[in-house]
Amino acid sequence: AILHSTAELQALNMAFDFIIVGGGTAGNVVANRLSENPNHSVLVLEAGGSNENLINLEAPLLAVLATPNTPTDWNYTTTPQPGLGGRSIAYPRGFVLGGSSSVNYLVYTRGSSSDFDRFASLVADPRWSWDALAPYRRRNENFTAPVDGHNTTGQFDPRVQSTSGINSVSLNGFPTEVDGFVFGLVKERGDKEFPFNLDMNSGDPLGVGYVQLTSLNGARSSSATSYLAPKFIARPNLQVLLNARVTRVLQTSNKDFRTVEFRDATGTAAPSPSPPKKNSSSPPAPSTHPAILLHSGIGNSTTLASLGITPLVNLPSVGQNLTDHSLMTLAWGVNTINGTFDAIFQNTPPGTLDAAVDEWKTTSPHRGQLVNDLISEIGWLRLPPNSSIFSMNSNTDPAAGPNSPHYELLFSNGLIGAPPAPGTYLGMHVAVVSPTSRGSITLNPTTGNLNPLAPPLINPNLLGTPVDRAIMRFAVRSAVTFVSRASTIPPFGEYMSRNPHPYHTTHGRAQRSRMVARRL
Ligand SMILES: Cc1cc2nc3c(=O)[nH]c(=O)nc-3n(C[C@H](O)[C@H](O)[C@H](O)COP(=O)(O)OP(=O)(O)OC[C@H]3O[C@@H](n4cnc5c(N)ncnc54)[C@H](O)[C@@H]3O)c2cc1C
């Protein structure tokens, strides 16, 4: 059941074999799988509230309104980022059941086979390799037809996809002009630098192809709607408590941390759940924020002691090596015939947003522009093999292998994630996807480090190394090349507006560097 208050939890008078901290993407999958066994009792403690009846979380296109700075976002801000000219930026994370899978952009990306093979070799455990994980990918995915019923031949590879899993994956269900623009260059022109890839989730993602999104019948499929779907949450051995913010994991014996301390929505300390039974084979499964571990005395003992926290387990890697992809937005003005989604976010003419929401709400399966992802196509691309950029990384390839990308281009039928500017746009996100920069999550030594509700210092160190900055500059150049080449194909010369948006008025390296630092 979904419980809304600690009183409801206490009324159950249950002891739990597993306590999962955070009902997010990972937490709900673990909760579902553990509770398959009726002999396991499972409790999920989620700091945020319900994901239900929130249109920005349900309609795929509106994902851009779900964060940042909303009630469903933790509303974190990074520390000043040297790679971004010293700016601090919003660092969204889902504060709601389903976690970031309830607020993300729904793009379904498995990664390359060499990414997984590198994980396996790093942890010296072949069970993490691409091949060994194939059964788990099948158990996760349920590929479903797009809502407009269009012919999907040539848009994905059915041999790659599973139809027997829990989390629904689909294709966009509303055609856009950007589709023709992208595939004019990629398929019809057969551009060698931007080759077509039928299914980028095959383990070999390189090339440009159709986006796959985690949606079902035109609505978001999150870990809350899929892994906690009614048939699962009805299990008597699975309880999910909302508005329960865990502050520490508690040591119950010398080596064990078998219960947690948490607060309810008012910040009041709640009674800790009973520790799992003595003979339980597994400890609680905390899918925890590093800050919870640090507050619990698990981390670098010297640093913890200097903050006044009693060290219990010396684990210096807690909160270290934070790795994230840097991503920036580009846009070009276009002369659209059928419209871009800019009209929805600009609400022009007035009532456009409401009309789109009405169409989405009154159709089943849902229809209209809101069923689409913000992203229409994706390109996973590499630097040329002879690129001088490798020399900045001791001549080592930062990607996991030759089938792993260095950067990503995400094409969009409008300006993505920026304040709505008047006009109609072709949007592109550009991302560095094999970053060498490493950051950290640490407790704030100046403000309330003993207060577990104080936000930690989040330093993703975006574009923190010369090689990442060089790859971002290269990726921006690549995006500009793509658009220039595609514009030479009739009829797209007419599609591109004579008035380029200032986001892409960049040519020289210095200009590109400044723009990259500003626009991320
Ligand atoms: C805006 C945005 C767009 C994104 N777009 C994409 C995309 O298109 N494709 C993609 O593959 N990835 C995307 N991502 C990334 C992806 O969603 C995340 O990597 C993934 O969801 C992380 O899963 P997780 O389980 O580690 O964390 P989360 O899903 O964030 O789950 C953590 C959960 O723990 C809860 N929690 C945290 N602290 C506590 C506490 N103290 N007590 C109790 N509960 C707590 C949180 O509220 C949350 O529910 C995006 C992320 C964001 C924020």
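A look at the site of the ligand
Working step 1: Near the ligand lie 26 residues; those nearest to it are T25, E46, S100, V107 and V246.
Working step 2: Here an oxygen atom of the ligand sits 3.5 Å away from a polar atom, N or O, in the main chain of G99.
Working step 3: N104 has a polar side-chain atom sitting 2.9 Å from an oxygen atom of the ligand.
Working step 4: Contact with the protein chains hides 75% of the accessible area of the ligand, taken as 1000 Å² for the molecule alone.
Working step 5: When residues of the shell around the ligand are traced back to their parent elements, those giving at least two are α2 (25-35) and β13 (245-251).

Some remarks on helix α6 (residues 177-188)
Working step 1: Buried residues of α6: E177, V178, F181, V182, F183, G184, L185 and V186, and no others.
Working step 2: Looking at the residues trailing α6, positive phi occurs at G190, about 65°.

Description of the packing of aromatic side chains
Working step 1: Inspection of the entire model under this criterion finds 15 aromatic pairs.
Working step 2: Aromatic pair F116 and F119: ring centres 5.4 Å apart, planes at 85°, arrangement edge-to-face. Residue F116 and its partner F119 are both found in helix α4 (residues 113-122); the two are separated by three residues, about one turn of the helix.
Working step 3: Measuring from centroid to centroid gives 5.8 Å for Y407 and F474, while their planes differ by 65°, and the two rings are edge-to-face. Here Y407, found in strand β21 (residues 407-412), pairs with F474, found in helix α12 (residues 466-487); they are 67 residues apart in sequence, far enough to count as distant.
Working step 4: The class for Y407 is buried, based on a relative accessible area of 2%.
Working step 5: When its relative accessible area of 15% is taken as the criterion, F474 is described as buried.
Working step 6: Pairwise contacts between aromatic rings join W74, Y76 and F95 into one cluster.
Working step 7: Over the face of the ring belonging to W130 we find R137, whose NZ or CZ atom lies 3.5 Å from the ring centre.
Working step 8: Over the face of the ring belonging to F196 we find K187, whose NZ or CZ atom lies 4.7 Å from the ring centre.

Focus on the side chain of N461
Working step 1: Mapped onto the secondary structure, N461 falls in the loop between β24 (457-459) and α12.
Working step 2: Residue classification places N461 among the buried positions, given a relative accessible area of 17%.
Working step 3: Within polar-contact distance, the side chain of N461 engages the backbone oxygen of R438 at 3.0 Å.
Working step 4: For N461, the residues in contact, after removing those within four places along its chain, are Q81, S437, R438 and G439.

Describing the environment of L426
Working step 1: Among the secondary structure elements, L426 is positioned in strand β22 (residues 425-432).
Working step 2: Overall, L426 belongs to the buried group, its relative accessible area being 0%.
Working step 3: With 10 residues separating them along the chain, L426 and I416 place their C-alpha atoms 9.1 Å apart.
Working step 4: If we ignore the near neighbours within four places in the chain, the residues touching L426 are V178, F181, L330, A331, W332, V334, S412, G414, V483, Y495 and M496.

What about the domain arrangement of the chain?
Working step 1: Segmenting the chain into domains produces domain 1 (2-52 + 224-288) and domain 2 (111-213 + 323-440 + 465-519).
Working step 2: Using C-alpha coordinates to define each centre, domain 1 is positioned 36 Å away from domain 2.
Working step 3: Between domain 1 and domain 2, the residue contacts involve six residues of the former and four residues of the latter.
Working step 4: Across the domain 1/domain 2 interface, buried area totals approximately 440 Å², and carbon plus sulfur atoms make up 53% of it.
Working step 5: When the area that domain 1 buries against domain 2 is broken down by residue, the three leading residues are R33, S226 and Y227, summing to 82%.
Working step 6: Taken together, domain 1 and domain 2 are joined by one salt bridge.
Working step 7: Among the ionic pairs, E36 bridges to R139, the shortest N-O distance being 3.5 Å.
Working step 8: Between the two partners, domain 1 and domain 2, sit three residue pairs in polar contact (both at pLDDT 80 or more).
Working step 9: Taken together, the residues of the side of domain 1 that touches domain 2 sort by class into two nonpolar, two polar and two charged.

Parameters and conventions
- Residues numbered from 1 in each chain as written.
- Predicted model: local features only at pLDDT ≥ 70, side-chain atom pairs only at ≥ 80, totals over all residues.
- Heavy atoms only, no water.
- Near = heavy atom within 4 Å.
- Polar contact = N/O pair within 3.5 Å; in protein donor to acceptor, adjacent residues only side chain to side chain.
- Areas by Shrake-Rupley, 256 points an atom, 1.4 Å probe, with all protein chains shown as cover.
- Helix = DSSP H or I, 4+ residues; strand = E, 2+ residues; numbered from the N terminus.
- Buried < 20%, exposed > 50% of the residue type's maximum accessible area, 1.4 Å probe, protein only.
- Phe/Tyr/Trp six-rings, centres within 6.5 Å; stacked < 30°, edge-to-face > 60°.
- Lys NZ or Arg CZ within 6 Å of the ring centre and 35° of its normal.
- Contact = heavy atoms within 4.5 Å.
- Domains from an automatic or database assignment.
- Buried area = accessible area lost by both parts, 1.4 Å probe.
- Salt bridge = Lys/Arg side-chain N within 4 Å of Asp/Glu carboxyl O.
- Nonpolar A, V, L, I, M, F, W, Y, C, P; charged D, E, K, R; others polar.

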